[in-house]
Amino acid sequence: MQLTLSARLFTHIYLFCLLLALAASSCKTAKTHYREGLERASKDDYIGAIREYDAAIAKKPDDGSLYRLRGVAKYEMDDFDGALADFSQAILLVPTDAESFKFRGDIRQNRGQYKQAIEDYNQAITHQPNYAKAYNNRGLNRARLKDIKGAVQDFSQAIALQEDYAVAYLNRANVRMRQKQYNLALEDYGKAISLDSNMVQAFYNRGVLYHTQKNRRAACSDWQRAFELGSPDAGNLLNRFCK
C-alpha cells in the first residue's frame, strides 16, 4: 500500500529531524559530554552519566579523569567489576590519581583483599597526603589484619586532617574497645555521636561497652536509641537485658 502524500511528508520530516539530532550529538565535544555526565551524576542519574562518559571517552580515550568519573558512576550502581576496570585504566593513564587508588582500594576491601587494598591506600596517601578518607579506610584494613597500632594511627591521622570526621571517631572507638581502653573508647563514641546524632552503630557499640562495664542504665539507654534508629539487634539486647 502506497503512502499518502501527507504520510510521506511526515516521514521525511521525521527522518530530517532525526538526522539533525544525530548531527547535533556528533558535534558535541568531549568536554560537553563530560559536563553533562557530571550534571546527570549530581542528580543520581548514573545510567545517563555513564552514557555521557562513554561518549566523552570515545572522543578522548587518553583522558584518565573520564575513566575515574565513569568508575565512580559504576561504583554507585554496584557494578564493581566495571568500576575496578575503569579505576585501573585511570591509574594507568594518570599514575598520581589518588582518588582512583582510593576507590580501587575500597573495592578490594569489600572483596576481602585487605593487603591489596592497603597498597592502594598507600598510593592514594602518597599522592595526596591530606586524604582523610584514605587514612580512615587504610585503618579499617589494618584492623582486619590485626595491626591495631597502625589502625589507631590511621584513624587518628584522619581525625587530625578532618576534625568533624564522625566515622573515624567511631572506628577508633571500636578498636580502643577491643583493646579494653574503655575510657578512651567512650570519649570517641561520645564525639562521634556529637557529630552525628543518628549514628546507630555508635549508640549500639557504646551500649555494649556500658554493658561490659555493668552500667545497665546507660547501656539500655543507648540500645533504646539504636533501636529507634532502626537496629533490630539493639531491640534483641533490650529484650534480653533491659526488661
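Residues numbered from 1 in each chain as written. Predicted model: local features only at pLDDT ≥ 70, side-chain atom pairs only at ≥ 80, totals over all residues. Heavy atoms only, no water.

Draft legend 1. Region of interest: the overall build of the protein chain. Within the protein chain, the regular secondary structure consists of 14 helices and 0 strands. The helix and strand sequence of the protein chain, counted from the amino end, reads α-α-α-α-α-α-α-α-α-α-α-α-α-α. Out of the 243 residues in the protein chain, the part that is buried amounts to 43%. For the protein chain, restricting intrachain contacts to residue pairs at least 6 apart in sequence, the fraction spanning at least 24 positions comes to 41%. (Helix = DSSP H or I, 4+ residues; strand = E, 2+ residues; numbered from the N terminus. Buried < 20%, exposed > 50% of the residue type's maximum accessible area, 1.4 Å probe, protein only. Contact = heavy atoms within 4.5 Å.)

Draft legend 2. Molecular detail of the packing of aromatic side chains. On inspection of all chains with the given rule, the structure shows 4 aromatic pairs. Ring geometry for Tyr 75 versus Phe 103: centroids 5.4 Å apart, planes at 70°, classification edge-to-face. Of the two residues, Tyr 75 sits in helix α4 (residues 64-76) while Phe 103 sits in helix α6 (residues 98-110), which places them 28 residues apart along the sequence. On the accessibility criterion, Tyr 75 (19% relative accessible area) is buried. Given a relative accessible area of 12%, Phe 103 falls into the buried group. Considering the side-chain rings of Trp 223 and Phe 241, the 6.0 Å spacing of their centres and the 40° angle between planes classify their relative orientation as tilted. Of the two residues, Trp 223 is situated in helix α13 (residues 216-228) and Phe 241 in helix α14 (residues 232-241); the sequence distance between them amounts to 18 residues. Residue class for Trp 223 comes out buried when judged on its relative accessible area of 1%. (Phe/Tyr/Trp six-rings, centres within 6.5 Å; stacked < 30°, edge-to-face > 60°.)

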